[in-house]
Amino acid sequence: TESGLGTYIKPRIKALGIYYGQEANKTLWQEKIAKIKRILNYNKLRQLTWNGKLLVLNSMAASQLLYPARIRTPEKQHIAALQRIFSSFLWHPEKIQVIGRKTLEKERTHGGINMINIESKLQACRLQNLRILTTLDQPGEKWHAYASYNLGTRIRHLNKKLFNNSQLFCMYTN
């Protein structure tokens with residue numbers, strides 16, 4: 001895009017694997033979902049047992065979500081797409097899901113297979129960030145600038161030491 005000063009401004013940039021700018025969240029999660037689909041489609045060709053499929057889901061697919069989830073929260077449709085992809089992989093080659101997802105997510109001692117719960121994993125990533133923010137002492141520490149911008153003035157409810165009016169804040173309208 002051409003700016004008024006005759007310079008070119010990119011609508012979106014990628015730094016350390018995370019997009020910033022216009023539609024950054026949508027682009028990031030679409031890219032991650034596509035990568036996970038490729039990984040799981042490749043592994044569908046192998047004759048894996050249930051334990052093998054769970055190992056692939058946890059080590060190769062879910063691991064793709066943890067870093068970006070600490071910075072960008074996926075929307076509901078992205079979480080639903082991931083759940084469909086995971087179920088499709090787990091039940092391949094069958095077409096019908098015989099056992100409910102909630103049952104599969106239970107511990108083995110309670111009749112489940114300890115399948116990953118995507119929503120819980122993503123929520124744990126967000127809670128880890130809040131834990132870090134509540135324990136920061138100095139406003140110059142590593143998570144402060146990003147978190148204070150995104151949380152806006154709400155950061156003062158987490159940790160009063162981190163809130164001051166000398167920095168930029170994102171103002172939410174929802």
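Source: prediction; values computed, not measured.

J.: Whenever I open this one, the environment of Lys10 confuses me. Can you help?
T.: Its place among the elements puts Lys10 in the segment before strand 1 (12-15). The exposure class assigned to Lys10 is exposed, which follows from its relative accessible area of 56%. Considering only alpha carbons, one finds Lys10 and Gly21, eleven residues apart in sequence, at a separation of 8.3 Å.

J.: Would you mind going over unusual backbone geometry with me for this structure?
T.: Outside of glycine, negative phi angles account for most residues, and trans bonds account for most peptide bonds. Notably, Leu16 is not glycine yet its phi reads approximately 55°, a positive angle. With respect to the helices and strands, the residue Leu16 is situated in the loop between strand 1 and strand 2 (18-21). Backbone geometry places Glu23, a non-glycine residue, at a positive phi of 50°. For Glu23, the position within the fold is in the loop between strand 2 and helix 1 (24-44). In this structure Glu23 comes out as exposed when scored by relative accessible area, which is 53%.

J.: Whenever I open this one, the packing of aromatic side chains confuses me. Can you help?
T.: For any pair of aromatic rings, the description consists of the separation of the ring centres together with the inter-plane angle of the planes. Applying the stated rule across the entire model yields one aromatic pair. Considering the side-chain rings of Trp50 and Trp91, the 5.0 Å spacing of their centres and the 85° angle between planes classify their relative orientation as edge-to-face. With a gap of 41 residues between them, Trp50 in helix 2 (residues 50-61) and Trp91 in helix 4 (residues 76-91) connect regions that are remote in the sequence.

J.: What exactly am I supposed to notice about the pattern of salt bridges here?
T.: Pairing between side chains of opposite charge can happen when the charged atoms of each approach one another. Within the structure shown, the criterion is met by one salt bridge. The partner of Lys14 in a salt bridge is Glu31, with the nearest N and O atoms 2.9 Å apart. Of the two residues, Lys14 sits in strand 1 while Glu31 sits in helix 1, which places them 17 residues apart along the sequence. Classification of Glu31 as partly exposed rests on a relative accessible area of 32%.

J.: I'm lost on the pairing of strand 1 in this one. Help?
T.: Regular strands place their side chains on alternate faces of the sheet. Where strand 1 and strand 2 come together, four bridges link them in antiparallel fashion. Across the sheet, Ala15 pairs through a bridge with Ile18, a residue of strand 2. Connecting strand 1 to the antiparallel partner strand 2 that follows it, the hairpin turn spans two residues, and Leu16 within it adopts a positive phi of roughly 55°.

J.: Looking at this model, I keep getting lost on the packing of helix 1 against helix 4. Mind explaining?
T.: Relative placement of two packed helices is described by the angle separating their axes and the distance separating the axes. Interhelical geometry of helix 1 versus helix 4 gives an angle of 0° and a closest axis separation of 10 Å. As the angle between them shows, helix 1 and helix 4 are arranged roughly parallel. Contacts between helix 1 and helix 4 involve Lys26, Trp29, Gln30, Ile33, Ile36, Lys37, Leu40, Asn43 and Lys44 on the former and, on the latter, His78, Ala81, Leu82, Ile85, Phe86, Ser88 and Phe89. Each residue belonging to the contact of helix 1 with helix 4 can be placed in one class, and the counts come to nine nonpolar, four polar and three charged.

Reading guide: rules and limits
- Chains are numbered independently. Their residues run from 1 in the order of the written sequence.
- Only residues with pLDDT of at least 70 get local features here, since the model is predicted, and only at 80 or more are side-chain atom pairs given and counted; chain-wide, interface and lining totals rely on the full set of residues.
- Heavy atoms throughout the structure, all of them, feed into the side-chain values; hydrogens and water do not.
- Secondary structure elements are taken from DSSP: a helix is a run of H or I of four residues or more, a strand is a run of E of two residues or more, and numbering for both begins at the N terminus.
- Categorising residues by exposure relies on relative accessible area from a 1.4 Å probe, with only protein chains included: less than 20% of the type maximum marks a residue as buried, more than 50% marks it as exposed, and the intermediate range marks it as partly exposed.
- Note on ring pairs: Phe, Tyr and Trp rings are taken, using the six-membered ring of Trp, and paired if centres are within 6.5 Å. Classes follow the plane angle, with under 30 degrees stacked, over 60 edge-to-face and the rest tilted.
- Basic side-chain nitrogens of Lys or Arg form a salt bridge, by our definition, when they fall within 4 Å of a carboxyl oxygen of Asp or Glu.
- The criterion for strand pairing is that DSSP finds at least two bridges linking the strands in question.
- Here an axis means a line fitted to C-alpha atoms, over the contact stretch when the element is a helix, while the angle between two N-to-C directions is reported on a 0 to 180 degree scale.
- To sort the angles, those under 35 degrees are grouped as roughly parallel, those over 145 as roughly antiparallel, those from 65 to 115 as roughly perpendicular, and the leftovers as oblique.
- Any two residues having at least one pair of non-hydrogen atoms within 4.5 Å are treated as being in contact.
- Think of it as three bins: nonpolar holds Ala, Val, Leu, Ile, Met, Phe, Trp, Tyr, Cys and Pro, charged holds Asp, Glu, Lys and Arg, and polar takes everything else, Gly as well.

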